[in-house]
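# Observations on the model geometry
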Amino acid sequence: MHDFGDHRFEGKAVRCRRGGRLVFDRLDFELASGGVLILRGPNGSGKSSLLRVMASLVRPEAGNMLWDGAPVRDDPAAHAARLHYVGHSDAAKPAMTAEELLTFWRGMRGGTGCPVGEALERFGIAHRADFPARYLSSGQKRRLALARLLVSEAPLWILDEPTVGLDADGVGSLEQAIAAHRARGGMIVAATHIRFETGDAVAELDLSAFAPGPADLDAAGDLFAAAV
Amino acid sequence: MNAFLAIVRRDLSLALRQGSDATMALMFFVIVVTLFPLGVGPEPGVLERISAGIVWVAALLAAMLSLDRMFQSDYDDGTLELMLLAPAPLELLVLGKCLAHWLTTGLPMLLIAPLLGLFMNMQADAFPVLLATMALGTPVLSLLGGIGAALVLGARRAGALVALLVLPLTIPLLIFGVSAIEAAVTGQSSKAQLLIIGAMLLATLPLAPWATAAALRQAVS
Amino acid sequence: MNWFHWFANPARFMRLAARLQPWIMVLGLATGAAGLYYGLFDSPPDYQQGETVRIMYVHVPSAWMAMFVYTMMAVAAASFLIWKHPLADVAAQAAAPIGAGFTLMALVTGSLWGQPMWGTWWVWDARLTSVLILFFLYLGYIALVNAFDDPERGSKAGAILLLVGAVNIPIIKFSVDWWNTLHQPASVARMDGPAIDPSMLLPLMLMAAAFKLYFLYLLIVRMRGELTARRIRLLRLSDAA
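Everything numeric in this text was worked out from a predicted model, so none of it was measured.

## Quick look at the overall build of chain A
- Summing up its helical and strand segments, chain A has seven helices and nine strands in all.
- Within chain A, the fraction of its 228 residues that count as buried is 54%.
- Within chain A, contacts between residues separated by at least 24 positions form 72% of all contacts whose residues are at least 6 apart in sequence.
- For chain A, the accessible surface area stands at approximately 9,500 Å², while carbon and sulfur atoms represent 51% of it.

## Thoughts on the environment of L27 of chain A
Residues and elements named next belong to chain A.
- Tracing the backbone through its elements, the reader meets L27 in strand β2 (residues 21-32).
- Put simply, L27 and L207 are 180 residues apart on the chain and 8.3 Å apart in space, counted from C-alpha to C-alpha.
- The contacts of L27, once residues within four sequence positions are left out, are G11, K12, A13, V14, L50, L205, L207 and F210.

## Notes on the sheet that holds β2 of chain A
Residue and element names in this part refer to chain A.
- Within the open sheet, the four strands sit side by side as β2-β1-β4-β5. Their pairing is antiparallel. Here the strands that pair on one side only, and so sit at the sheet edges, are β2 and β5 (70-71).
- Both strand β1 (residues 8-18) and β2 contribute to a ladder of eight bridges, which runs antiparallel. Looking across to β2, one finds that R8 is bridged to A32.
- Across the sheet, helix α1 (residues 47-54) touches β1, β2 and β4 (62-67), and the angle it forms with β1 is around 125°.

## With respect to helix α3 (residues 98-108) of chain A
- Turning to α3 of chain A, its buried residues number three or more, namely A98, L101, L102, F104, W105 and M108 of chain A. What you see down the axis of α3 of chain A is that its buried residues fit within an arc of 155°, all on one side.
- Next to the buried residues of α3 of chain A lie α4 (116-122) and α5 (138-151) of chain A together with α1 (2-17), α5 (79-84) and α6 (90-119) of chain B.
- Just beyond α3 of chain A, the residue with positive phi is G110 of chain A, at close to 95°.

## Digging into the interface of chain C and chain B
- Each side of the interface is counted separately: chain C has 27 residues, and chain B has 28 residues.
- Both sides of the chain C and chain B interface together cover about 2,300 Å² of buried area, and 74% of this is carbon and sulfur.
- Sorting the residues of chain C by area buried against chain B places R153, I160 and W178 of chain C first, and these three jointly supply 24% of that buried surface.
- Counting across the chain C and chain B interface gives one salt bridge.
- Residue R156 of chain B is joined to D149 of chain C by a salt bridge in which the shortest nitrogen-to-oxygen separation is 2.5 Å.
- There are five residue pairs in polar contact (both at pLDDT 80 or more) connecting chain C and chain B.
- Breaking the side of chain C that touches chain B down by element, the ones donating at least two residues are α5 (126-145) and α6 (151-183) of chain C.
- Residue contributions to the side of chain C that touches chain B peak at 17 residues, all from α6 of chain C.
- Taken together, the residues of the side of chain C that touches chain B break down into 18 nonpolar, six polar and three charged.

## As for the packing of helix α2 (residues 20-40) of chain B against α6 of chain B
All names here are of chain B.
- Put simply, α2 and α6 touch, their axes get as near as 9 Å, and they point 30° apart. Looking at the two axes, α2 sits roughly parallel to α6. The way α2 lies across α6 gives a crossing that is right-handed. Contacts between α2 and α6 involve A22, A25, L26, F29, V30 and V33 on the former and, on the latter, T104, T105, P108, M109, I112, A113 and L116.
- Its residues placed into classes, the contact of α2 with α6 shows eleven nonpolar, two polar and no charged.

## Describing the nonpolar core
- Membership of the largest hydrophobic core comes to 203 residues, with the highest contact counts inside it found for F9 and M54 of chain A together with F29 of chain B.
- For M54 of chain A, the residues in contact, after removing those within four places along its chain, are F9, F29, L37, M65, H79, L83, I158 and V189 of chain A.
- Membership of the second largest hydrophobic core comes to six residues, among which are I175 of chain B together with A126, I172 and V176 of chain C.

## So, the packing of aromatic side chains
- Under the definition given, this model contains 15 aromatic pairs over all chains.
- Ring geometry for F9 of chain A and W67 of chain A: centres 5.7 Å apart, planes at 50°, overall tilted. Of this pair, F9 of chain A sits in strand β1 while W67 of chain A sits in strand β4, placing them 58 residues apart in sequence. We note that F9 of chain A, like W67 of chain A, is buried.
- Pairing W122 of chain C with W124 of chain C gives two aromatic rings, centres 5.6 Å apart and planes at 80°, and the pair type is edge-to-face.
- Members of the aromatic cluster, connected to one another through ring pairs, are F68, F102, F211, Y214 and F215 of chain C.
- The residue whose ring lies beneath R128 of chain A is F131 of chain A, and the NZ or CZ to ring-centre distance is 4.8 Å.

## Here we look at helix α9 (residues 171-185) of chain B
Residue and element names in this part refer to chain B.
- The end-to-end C-alpha separation of α9 is 21 Å, in line with the 21 Å expected for 15 residues at 1.5 Å each.
- The element α9 is largely enclosed, with a buried count of twelve among its 15 residues.
- Turning to α9, its buried residues number three or more, namely I171, P172, L173, I175, F176, G177, V178, S179, A180, I181, A183 and A184.
- Taken from the residues just after α9, G187 is the one with a positive phi, measuring 80°.

## Quick word on the pairing of β4 of chain A
Residues and elements named next belong to chain A.
- Examined bridge by bridge, β1 and β4 share five bridges and lie antiparallel to one another. Bridge pairing links F9 to W67 in β4.
- For β4 and β5, the ladder comprises two bridges, and the chain directions are antiparallel. Across the sheet, the residue bridging to L66 is P71, located in β5.
- Hairpin remark: β4 followed by β5, antiparallel, with two residues in the connecting loop; positive phi at D68, about 50°.

## Focus on the pattern of salt bridges
All names here are of chain A.
- Taken as a whole, this structure holds 27 salt bridges over all chains when the rule is applied.
- Ionic pairing is found between E10 and R8, a salt bridge with its closest N-O pair at 3.9 Å.
- For E10, a relative accessible area of 11% translates into the label buried.
- Close ionic contact of R122 with E118 constitutes a salt bridge, the shortest N to O distance being 3.8 Å.

## Here's the deal with the environment of F135 of chain C
Residues and elements named next belong to chain C.
- With respect to the secondary-structure elements, F135 resides in helix α5.
- Linking F135 and L161, residues 26 residues apart in sequence, is a C-alpha distance of 14 Å.
- If we skip the residues at most four places from it in the chain, F135 touches A100, T103, L104 and L107.

## Things to note about unusual backbone geometry
- Of note in the backbone geometry, S56 of chain A takes a positive phi value of approximately 60° without being a glycine.
- Positioned with a positive phi, R157 of chain B is a non-glycine residue whose angle comes to about 55°.
- Mapped onto the fold, R157 of chain B is located in the loop between α7 (126-151) and α8 (158-169).

## Regarding the side chain of Q21 of chain C
Residue and element names in this part refer to chain C.
- Tracing the sequence through the fold places Q21 in helix α2 (residues 10-40).
- Look at Q21 and you get buried, because its relative accessible area is 11%.
- The residues touching Q21, leaving out its near neighbours within four places in the chain, are Y217, I220, V221 and R224.

Calculation criteria
Residues numbered from 1 in each chain as written. Chains lettered and ligands numbered in written order. Predicted model: local features only at pLDDT ≥ 70, side-chain atom pairs only at ≥ 80, totals over all residues. Heavy atoms only, no water. Helix = DSSP H or I, 4+ residues; strand = E, 2+ residues; numbered from the N terminus. Buried < 20%, exposed > 50% of the residue type's maximum accessible area, 1.4 Å probe, protein only. Contact = heavy atoms within 4.5 Å. Areas by Shrake-Rupley, 256 points an atom, 1.4 Å probe, with all protein chains shown as cover. Pairing = 2+ DSSP bridges. Axes fitted to C-alpha atoms, helices over the stretch in contact; angles between N-to-C directions. Arc of directions from axis to C-beta. Buried area = accessible area lost by both parts, 1.4 Å probe. Salt bridge = Lys/Arg side-chain N within 4 Å of Asp/Glu carboxyl O. Polar contact = N/O pair within 3.5 Å; in protein donor to acceptor, adjacent residues only side chain to side chain. Nonpolar A, V, L, I, M, F, W, Y, C, P; charged D, E, K, R; others polar. Parallel < 35°, antiparallel > 145°, perpendicular 65-115°, else oblique. Left-handed = near helix turned anticlockwise from the far one by under 90°. Core = buried A, V, L, I, M, F, W, Y, C linked by side-chain atoms within 4.5 Å. Phe/Tyr/Trp six-rings, centres within 6.5 Å; stacked < 30°, edge-to-face > 60°. Lys NZ or Arg CZ within 6 Å of the ring centre and 35° of its normal. Expected span 1.5 Å × (residues − 1).

Structure (C-alpha cells):
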C-alpha cells in the first residue's frame, strides 16, 4: 500500500450556526499527515457540527478551510473524494448483506481500497458477510460502517463517536486500523473517548473554548436586532 | 459512471427484495382505474370517452404514492449523507435514483396500461399512442417527483405533502398525454403532443436532477 | 446591484419600512377611495355586460397581484439562495399568504362575475384554470415552509420549490391554453377583446395602484412581525446555550 504523501488540513476562523443558534465561532484547527485531532467538549458544544463542517456536509457561516493551502470550497468534489465520514448512523440497509454493502460503497468511491473480504476480516465480521444487515447486532453494524473506511482510499478520516456500541475487541480493531492509517500518512479527526498512544502528533481541541460569549451573541443577533 | 450503475443496481435489487413498495404503486394504479366503471357506470361509450384521462390520472396518483420512499430510507439510515460525500457528482447519482424509480414504478405501469385501456373500452387505435405517451411521460414523473421527494425529506406528513407539491407541476403532462390519445381516437395525428411530451422529458432530464441535488444538499446539512 | 445588498440588511430595511409605512397606508387609502368612486359611480356600465362589469375593478387587479406576488417571491427565493439574504426569505414567506389571498379573491370574484355572464359559477376557461393552479402552487409553498421543525429547513426547501414553480408556470400556462382551445370553442368573455374605454381604464388603474399599495403595507406589517419572531427565537436560543 502506498503512502498518502504530505498534506495539511487547516481551518481558519470557522463559524457555525445551527438552527439559528451560534454554535462556535473563530475556531482554528490544523492537522498534518499522520496526525490525530481529538475533539473534546460537553454535549451541545458542537463536536458533531464541526465534524460535519469538516466533511463539507454543512457550510460554515464564516471562515475558511484549507487543504494544502487551497480553499476547500473551491473544489468540493475533490474534498469529498479525500475524506471518509463515519457519523452516528451506520447506513446499513436491512435488506443488503454486509458484503453487498461494502461492495456498493467500494464501487461508489472508485474501488481503490483493500478488498471487501479483507476489510470484513479486519473488523472481525467476515463470518457475517452473507447476512442481511437486518440480522446484524448494533455492534456488528458499527463494525460494518467502520469497515467502509478500508474499502476505498482517503487520507482524511472524520469519525463521530466511532466506538459507540463496540465491544473491547471492536475497539481494538478500530485502533489497529487507525494506527495503520496513520503509519501511511493518513489523518484522523474524531470525537471519541478512544485512547491513542501518546505522541506529539495527537492534538486535542476543546470546543468549549470557542463557544460564543455574550458579546458574540449581540454581534450575531444584530442581524434581526435594532429598529424592529 | 460506475457510481451511476452501482446506484441503479443497488436500488433495483433493494426494490426486488422489498417488493411490496413497488408493487403497491402498481396495485394502486389498477385499483383506481377499476373504481371508475363502478363510479360512473359500465356503459362502454362513457368509459371509452374518459378512458385516456382515467388511465393518466391514475398513473399520476400511483406515482405520487411511490415518491416519498425515493430518498426517505436513504435519508433515515444515513446513506444519503455518504452519497453526498461520494466523489461522483450528486446530480448523476440523483439521475440513477430516478432511473431506478422509473424502472420499478413507471415501467410496470406502462406495461399494464394496455390492459387497463382494455378494461375501459379504449379503442384499438389508441393503444400505441397510450404506450408512447406513457413511455415518454412516466420518466418525467420520476424526475419531477424526485424534486418533491427531496424537498419533503424530514418534513411532517411528507407523503401527503409531496403529492401537494408535485401534482400541480404534472398538469402539462396530463393535458398533453390525454390529448395525444384523444387525437389518435378521432383519427388525427398526435405527433405534436408526443413531441411536446418528448420536449418535456428532454428539459427535465438535466434540470430536475439539478434541483433535486440542491434540495438534497439542504436536507442533509 | 449595490443598493440591493445595502437594502438587504434587516435593521436598515426595518427602519426605512417603519418610516414609509404610514405614507403607504395614506396613499393606498386615497387611491382605493378614488378608484372605488370612479369604478362604482363615475364610469359607464358596459354595453354588453351592464353593471356587472364593475366586478372587474376588483377582479382584474387581484389577478394581476396574484401573478405579481408569485414573481416577487421567486425573485426573493433566488436572492435568498444565491446571496443568503435572510431578509429575502422573510419577504417570500411574508408575501405567500397575501398572494394566496389575492389569488383566492381573483377566483371568487371571477366566479361571481361568471354567474350572471355565463350562467354558471365556474367554467374551465384557460385563465380561470391557470389561476386555480397558481393558487395550488401558493398553498404548496405555504404547506412546505411550515412542515419542518427546523424553520431554516423550511426556508431553503420553500425557496427551491418557488424557483421550480417559477420555471414551470409558463409551461403550465401554455398547456392550459392548448387544452382549453381543444376542448371548448372560443371563450365566452375575454378582457383583451375590444380596447378598453378610458373611462374604465382610469378606475382600473387606480384600483391596481391601491391593491399594490395595500400589498406593500401588509407585506411590511408581516415582515416586521416575522423579524420580531425570529429575533425572539434567537434570544431564546442564546439563553438556552
